[in-house]
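Structural features, examined
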Amino acid sequence: MTVDAGTAPSGPILAADGTPLKVSLRKAQRVRKLRAFALVLPLLAFVLITFILPIVDMLFRSVDNPVVARNLPITLNVLKEWDGTGTPDETAYAAIAKELVEARENKEMGKVATRLNFETSGMRSLIGKSVRKIRRLKEGPYKEALIKIDKRWANTEIWSTIKRIGAPYTHVQYLAALDMKTQPDGSVGMQPEDRQIYGQIFMRTLWISLLVTGFCLLLAYPVSYLLATLPLRYSNLLMVMVLLPFWTSLLVRTTSWIVLLQRNGVVNDLLVWVGIVGEDGRIQMIYNQTGTLVAMTQILLPFMILPLYSVMKTISPSYMRAARSLGAKPATAFVRVYMPQTAAGVGAGCLLVFILSIGYYITPALVGGQSGTMISNFIAYHMKSSLNWSLAAALGTILLAAVLVLYWLYNKIVGIDNMKLG
Amino acid sequence: MLGPSGSGKTTCLMMLAGFETPTHGKVILGGNELNNVPPHKRGIGMVFQNYALFPHMTVAENLAFPLEVRGMSKADTEAKVRRALDMVELGDFGHRRPAQLSGGQQQRVALARALVFEPDLVLMDEPLGALDKNLREQMQYEIKHIHENLGMTVVYVTHDQSEALTMSDRIAVFNDGVIQQLAPPADLYERPENAFVAQFIGENNRLVGEVKSIDGDTCMVDVGGNVIRSFSVNHDGVGSRSTLSLRPERVTLNPADGVFPNVFDAKVLELIYLGDHIRCRVAVCGNDEFIVKVPNAHGQISIKRGDDVRVGWQAEDCRALDA
């Protein structure tokens, strides 16, 4: 049968039963799509509950600020009228006196005091002291009474702090995480020099992560090359040696570094025995930045080796042969022909190691000492010890943002499509 | 270099290039011994089986690579790259990546890259193995023409005998790591020196028997009671076993009396019509796989399956080789 172009049917192509082909095709594929979706549903739910929701909660917690707003509503309402200069009038003092006593009865006062203390140190003791004495006070004027209890109640700063912290949503945690604070006059400025910590910790975290990534790359490149080029019999053995630490507990590996590197540890004993250092010149290699670097490099090495290996495995040896037959010295051939082809693996390995190390916790906590702690240790500190979850959440969010920015940069420069993990 | 897989062709080529170390013997090029010269100083161009074009460089950068590592100036490099690209008719493709080229184009780039630094010797390791049949034949002629124009020596490895016959001045037939015969294509086909070469190059009828007597160039070989007069080439003398090699097109069906010294009775087992000729499988001298090519000339198509016929051939066409 021939179809004349002039009489070909116009409009959509129809299936045998007369419905448009597009519609019937979609119908036929619907079941398949549903089945595919059902297959990924458990994982989707798992990721949603264990990954997405906690992150959303963390983002929320970093700006959520309910404690003061819930416990001092009348005070805050009164303070709305206050212009922020001098001290507020008697109604504010009366309201806060009443509400602090109520809060004490509801066992909420500690939270309020702690929250205010994060912002201005000394607030906890001020509130504790004031509430204890104010309970005996039957009636006002509260303003004079409070100022009599502690003359700090006459400070404008105290009241502006309460007013500011009273907002149900706030960015103060982010300011705190960036070593900034709102000045008494309402402008945003840096913390005093001696109270700046997080900026330095963020920089140190980035620096340690960069160093670990660099060391991993330096150590992993030759090993991966050997793995990819040795005959199968030897490369299998080498692969087992690479993976063996991978299968050992993180804690075991970290603590064995303590055994090796401590002042009376194996390495120092060896150095003393050989005579490189004297008995009193034992080197401090653990509980500082060196310890963190050594242990993290060793622990993260497989994450660099495996992507590198998987890329190198695919590079045919004939490229190097071709380069040499064309007149390139072995070193030139390696640098100009082999190395550019491993760029995808280098990119993947570096990104993986960097992102893993930027949020690393256990190892720096165990061997980091003072100079080797990283931002994750401070997040943990605020989660467990100081119980300032909002600040922890803000620090975590900044860390997440930093990783996303780096990822975006990587994608811009290298292109994420060029990355090969295996 | 021609031979079946695993016969040592590529190993031998790699020794020439310097990627394998010979256990003994010398590699000599233009009077210079190359055994201890590293590959990058040998100045031998090489085309690899999978082309080995550097995937992260453009075509032009690939071609410039051998010139750059030789420290050639930018202007000279550009001029040479342009000339090489024009030679393989890919003048407009310099900025492309190898992955953006078809198989045949990649093959030409690989060829141009091996030639651009004007080596005395070019090695090619089954360069056309990955191409389809038509393109392969076209490229065979192209390589042959480039070779004729430039006049360098090419050592070409292949396992395809028609490719070897098309392209070569001399062919080395490899088997089991040994060169079986080194000769021009016509000699290989017409005058194979052993049973392997006879079998490997072209179609061949084998008859195995015992040498009865030798008289100068001819000898008498007893094959299952039939004594065949053959051309004595390569056997161990009277009493030894010998393989007789006979090309199918040299056998005549139902010959006139007195023309051939060898005439035997045969039975037609199978006929295959191939247009210009008919392949005829007959049973003769105890061999059921004996092939006769009957030219499709006037009056020759009267044979039928099961017919009793006679076949005959000249003593010179029947070569007595090693068993």
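Nothing here was measured: the structure is a model prediction, and the numbers come from that model. Here the residue numbers are simple positions, counted from 1 along each chain's written sequence. For this description, chains carry letters from A and ligands carry numbers from 1, given in the order in which they are written. Owing to the predicted nature of the model, reporting of local features is limited to residues with pLDDT of at least 70; listing and counting of side-chain atom pairs is limited to 80 or more, with chain, interface and lining totals taken over all residues. No hydrogens and no water enter the side-chain calculation; it runs on all heavy atoms of the structure.

**Side note on the sheet that holds strand β13 (residues 262–273) of chain B**
All names here are of chain B. The pairing criterion is simple: DSSP has to find at least two bridges between the two strands. Elements are defined by DSSP. Helices are runs of H or I of four residues or more, strands are runs of E of two residues or more, and each kind is numbered from the N terminus. Spatially, β12-β16-β13-β14-β15 is the arrangement adopted by the 5 strands of the open sheet, whose pairing is antiparallel. Edge positions in the sheet fall to β12 (252–253) and β15 (287–295), since each of these pairs with one other strand and no more. Here β13 runs beside strand β16 (residues 308–313); their pairing, made up of 6 bridges, is antiparallel. Across the sheet, K267 pairs through a bridge with D308, a residue of β16.

**Quick word on the sheet that holds strand β5 (residues 153–157) of chain B**
All names here are of chain B. Read from one edge of the open sheet, 3 strands run β3-β4-β5, paired in parallel fashion. The sheet is open, and its two edges are formed by β3 (44–47) and β5, each paired on a single side. Averaged over all neighbouring strand pairs, the angle between strand axes comes to 15 degrees, with direction disregarded. Looking at chain direction, strand β4 (residues 121–125) and β5 are connected through 5 bridges and run parallel. Note on method: axes are straight lines fitted to C-alpha atoms, helices fitted across the in-contact stretch only, with angles between N-to-C directions ranging 0 to 180 degrees.

**Description of the packing of aromatic side chains**
Side-chain rings of Phe, Tyr and Trp, where Trp is taken by its six-membered ring, are said to pair if the distance between their centres is within 6.5 Å; with planes under 30 degrees apart they count as stacked, over 60 as edge-to-face, and otherwise as tilted. Under the counting rule described, the total for this entry stands at 13 aromatic pairs over all chains. Measuring from ring centre to ring centre gives 5.2 Å for Y225 of chain A and Y338 of chain A, while their planes differ by 85 degrees; the resulting arrangement is edge-to-face. Linking Y225 of chain A in helix α10 (residues 198–229) with Y338 of chain A in helix α16 (residues 330–341), this pair joins segments that are 113 residues apart in sequence. Categorising residues by exposure relies on relative accessible area from a 1.4 Å probe, with only protein chains included: less than 20% of the type maximum marks a residue as buried, more than 50% marks it as exposed, and the intermediate range marks it as partly exposed. Judged by its relative accessible area of 27%, Y225 of chain A is partly exposed. Residue class for Y338 of chain A comes out buried when judged on its relative accessible area of 6%. Their ring planes at 40 degrees and their centres at 5.6 Å tell us that F264 of chain B and W313 of chain B sit as a pair that is tilted. Here F264 of chain B is found in strand β13, whereas its partner W313 of chain B is found in strand β16, with 49 residues between them in sequence.

**Remarks on a nonpolar patch on the surface**
To count toward a patch, a residue needs a relative accessible area over 30% and no salt bridge; like charges are then connected within 9 Å, while nonpolar side chains (Val, Leu, Ile, Met, Phe, Trp, Tyr) are connected within 5 Å. For the area figures, the Shrake-Rupley method with a 1.4 Å probe applies, and any residue is considered shielded solely by the protein chains shown. When a carboxyl oxygen of Asp or Glu is within 4 Å of a side-chain nitrogen of Lys or Arg, the pair counts as a salt bridge. Where nonpolar side chains cluster on the molecular surface, the patch consists of L43, F46, V47, L48, I49, F51, I52, L53 and V56 of chain A and spans about 860 Å² of accessible area. When its relative accessible area of 53% is taken as the criterion, F46 of chain A is described as exposed.

**Some details on the packing of helix α19 (residues 375–384) of chain A against helix α20 (residues 389–413) of chain A**
All names here are of chain A. The interhelical angle for the contact between α19 and α20, taken along N-to-C directions, is 155 degrees, at an axis separation of 7 Å. When the axes of α19 and α20 are compared, the pair comes out roughly antiparallel. Crossing hand, α19 versus α20: left-handed. From α19, I375, I379, H382 and M383 reach across to α20, where they touch W389, L391, A392, L395, G396 and L399. When grouped by side-chain class, the residues that make up the contact of α19 with α20 number 8 nonpolar, 2 polar and no charged. The labels follow the angle: roughly parallel below 35 degrees, roughly antiparallel above 145, roughly perpendicular from 65 to 115, and oblique for the rest. It is the rotation of the near helix from the far one that decides the hand of a crossing: anticlockwise by less than a right angle makes it left-handed, clockwise makes it right-handed. Contact definition: two residues touch when any of their heavy atoms are within 4.5 Å. Amino acids outside the nonpolar list (Ala, Val, Leu, Ile, Met, Phe, Trp, Tyr, Cys, Pro) and the charged list (Asp, Glu, Lys, Arg) are all regarded as polar, and Gly is one of them.

**Some thoughts on a positive patch on the surface**
On the surface, a cluster of positive charge is contributed by K22, R26, K27, R30, R32, K33 and R35 of chain A. Looking at where R32 of chain A falls in the secondary structure, it is placed in helix α1 (residues 21–63). In this charge count, Lys and Arg are treated as positive and Asp and Glu as negative; neither His nor the chain ends contribute. The atoms used to mark charge sites are NZ of Lys, CZ of Arg, CG of Asp and CD of Glu.

**So, the pattern of salt bridges**
Residue and element names in this part refer to chain B. What the rule picks out here adds up to 22 salt bridges over all chains. For R250, the salt bridge goes to E190, with nearest N and O atoms at 3.0 Å. Here E190 lies in helix α7 (residues 185–190) and R250 lies in the loop between β11 (241–246) and β12, a separation of 60 residues in the sequence. On the accessibility criterion, R250 (29% relative accessible area) is partly exposed. For E190, a relative accessible area of 34% corresponds to the partly exposed category.

**What to know about the packing of helix α2 (residues 59–68) of chain B against helix α4 (residues 103–115) of chain B**
Residues and elements named next belong to chain B. Between α2 and α4, the least distance of the axes is 8 Å, while the angle of their chain directions is 25 degrees. Here α4 runs roughly parallel to α2, going by the angle between their axes. Considering the relative orientation of α2 and α4, their crossing is right-handed. Contact residues: α2 offers V59, N62, L63 and P66, while α4 offers V109, A112 and R113. When the residues that make up the contact of α2 with α4 are grouped by side-chain class, the tally is 5 nonpolar, 1 polar and 1 charged.

**Side note on the domain arrangement of chain A**
Each domain's extent is set by a domain assignment, obtained either automatically or from a database. Assigned domains within chain A: domain 1 (12–59), domain 2 (67–170) and domain 3 (198–418). Each of domain 1 of chain A and domain 3 of chain A has a C-alpha centre, and these two points are 39 Å apart.

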